[in-house]
Amino acid sequence: MLYSMTGFGSSEGDLSDYHIKVEIKTVNSKFFDLNLRLPRELADKELEVKNYLSTHLKRGKANVIIELESKDPSSPTVHIDDLLFKSYYSKYKEMAEANGAEQKDLFRLALHSPDVISTNNLSEVLSWEDMQPVIKEAIERCMESRHSEGNALSEKLASYISEIRAGLKLVEEEDPNRKRQVKDRLSQSLDEIREKVQVDQNRFEQELIYYFEKLDITEEKVRLGRHLDYFMEVLEDSESQGKKLGFISQEIGREINTIGSKANNAVIQRAVVQMKDELEKIKEQSMNIL
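Throughout, a residue's number is its position along its own chain's written sequence, starting from 1. Owing to the predicted nature of the model, reporting of local features is limited to residues with pLDDT of at least 70; listing and counting of side-chain atom pairs is limited to 80 or more, with chain, interface and lining totals taken over all residues. Hydrogens are left out, water is left out, and the side-chain values use all remaining heavy atoms of the structure.

Draft legend 1. A look at the nonpolar core. If you look at the biggest cluster of nonpolar residues, it comprises 28 residues, and the most contacted ones within it are L157, I164, L224, F231, I252, I256 and M275. Of all the elements in the fold, those that place two or more residues in this core are α4 (128–194), α6 (218–235), α7 (242–263) and α8 (266–286). Every helix listed is a DSSP run of H or I at least four residues long, and every strand listed is a run of E at least two residues long, numbered separately from the N terminus. Of the residues forming this core, the biggest block, seven residues, is contributed by α4. Excluding its chain neighbours within four sequence positions, the residues that come into contact with I252 are I161, I164, L224, H227, L228, F231 and L279. Core analysis: the next-biggest nonpolar cluster, separate from the first, contains 26 residues, L36, W128, V134 and I135 among them. We define the nonpolar core as a collection of buried residues of types Ala, Val, Leu, Ile, Met, Phe, Trp, Tyr and Cys that are connected through side-chain atoms lying within 4.5 Å of one another. Relative accessibility decides the category of a residue: with a 1.4 Å probe and only protein chains considered, values under 20% of the type maximum give buried, values over 50% give exposed, and everything between is partly exposed. Should any heavy atoms of two residues lie within 4.5 Å, those residues are considered in contact.

Shown next as structure tokens:
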């Protein structure tokens, strides 16, 4: 079962006198990268929200927006201290007149002075236990979206593995012909050499054995087949394991490259190119797996 790192989920609900909306968008990223937008009224819940999101979303870049609206428009969440504002304004005006300075920005300056504007303290009204179900629902919907995307990814990856198997089968079918061609070329060269120089037969046979061992791709074919089987096992596992699939892809690539370097055969080289092309598709898609 695969989960993509790309997903979307949203939810909303009524909490006391407020309406809360949660929206989650995720894309692929090597690690968990959270961009959280919280209203100032919920600033004290930031750490709890971040911990909860990181635990359940696990990996990927997540953009999370939480909005809070009062169900009573006549009860704003922002509070302005009139007395403190007037005190600041009066003091700034007095200083401006004493120093012959302009007074056109005094209103803005006083309004943004410390503690003039404050948000209502919602800690006693909205607890983490109240918010959690709404956030949980948005996460669940995001994970459903990820799962749906993961199913499509799984089908693509399985088709790419099938193509690599076809390439491996072609290599296995051509390998006996390759060995026969190499043997024929060596026999012909040996006959030509014997007509001209004296050859130490024992030493020559030792060199031939060493040469054939260098060209032999039996182990690479076996290992490649096993890596393909293991990839499918992980792909069908109940837990999504994008990193492990990435590691297996590296091993698959290593065996394909070795076969290509040893082959010295046009048919096998074409099969290797085809397998490499499919492997690149796997690597690209694996980057988006949770």
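Back to the text.
Draft legend 2. Representation of the packing of α6 against α7 within the structure. Under this scheme, a helix contributes an axis fitted over its contacting stretch, all axes are lines through C-alpha atoms, and angles between N-to-C directions fall in the 0 to 180 degree range. Axis separation between α6 and α7 bottoms out at 9 Å; the angle between their running directions is 160°. By the angle class used here, α6 and α7 are roughly antiparallel. For the crossing formed where α6 meets α7, the hand is left-handed. For the pair α6 and α7, the contacting residues are E220, K221, R223, L224, H227, L228, Y230, F231, V234 and L235 in the first and K244, L245, I248, S249, E251, I252, E255, I256, T258, I259 and K262 in the second. Counted by class, the contact of α6 with α7 contains 11 nonpolar, three polar and seven charged residues. Relative orientations are named as follows: roughly parallel for angles under 35 degrees, roughly antiparallel for angles over 145 degrees, roughly perpendicular for angles from 65 to 115 degrees, and oblique for any other angle. Two helices crossing with the near one rotated counterclockwise from the far one by less than a right angle form a left-handed crossing, whereas a clockwise rotation gives a right-handed crossing. Polarity classes work like this: nonpolar for Ala, Val, Leu, Ile, Met, Phe, Trp, Tyr, Cys and Pro, charged for Asp, Glu, Lys and Arg, and polar for all others, with Gly in that last group.

Draft legend 3. View of the sheet that holds strand β4 (residues 60–70). Pairs of strands are assigned from DSSP output, requiring at least two bridges between the strands. Strands sit in the order β1-β2-β4-β3 across an open sheet of four strands; the sheet is mixed. Each edge of the sheet is formed by a strand with only one pairing partner; in this case those strands are β1 (7–15) and β3 (32–37). Averaged over neighbouring strand pairs, the angle between their axes works out to 15° when direction is ignored. In this sheet, strand β2 (residues 18–27) lies alongside β1 in antiparallel orientation, the contact comprising nine bridges. What sits directly across from G9, in β2, is I24. Running at roughly 140° to β3, helix α1 (residues 46–57) makes contact with β2, β3 and β4 of the sheet.

Draft legend 4. Here's a closer look at the packing of α7 against α8. It is at 10 Å that the axes of α7 and α8 come closest, and there the two elements cross at 165°. Between α7 and α8, the interaxial angle falls into the category roughly antiparallel. Regarding α7 and α8, the two cross each other, and that crossing is left-handed. Along its contact with α7, which presents S249, I252, G253, I256, N257, I259, G260 and A263, the element α8 presents I268, Q269, V272, M275, K276, L279, I282, K283 and S286.

Draft legend 5. View of the pattern of salt bridges. The rule for a salt bridge is simple: a side-chain nitrogen of Lys or Arg has to be within 4 Å of a carboxyl oxygen of Asp or Glu. One pass over the structure, following the stated rule, counts 16 salt bridges. Here K262 and E220 are joined by a salt bridge, their closest N and O atoms 3.0 Å apart. Pair noted here: K262 is in helix α7 and E220 is in helix α6, with a separation of 42 residues, a long-range link. A network of salt bridges, in which partner residues are shared, links D175, R178, K179, D216 and K221.

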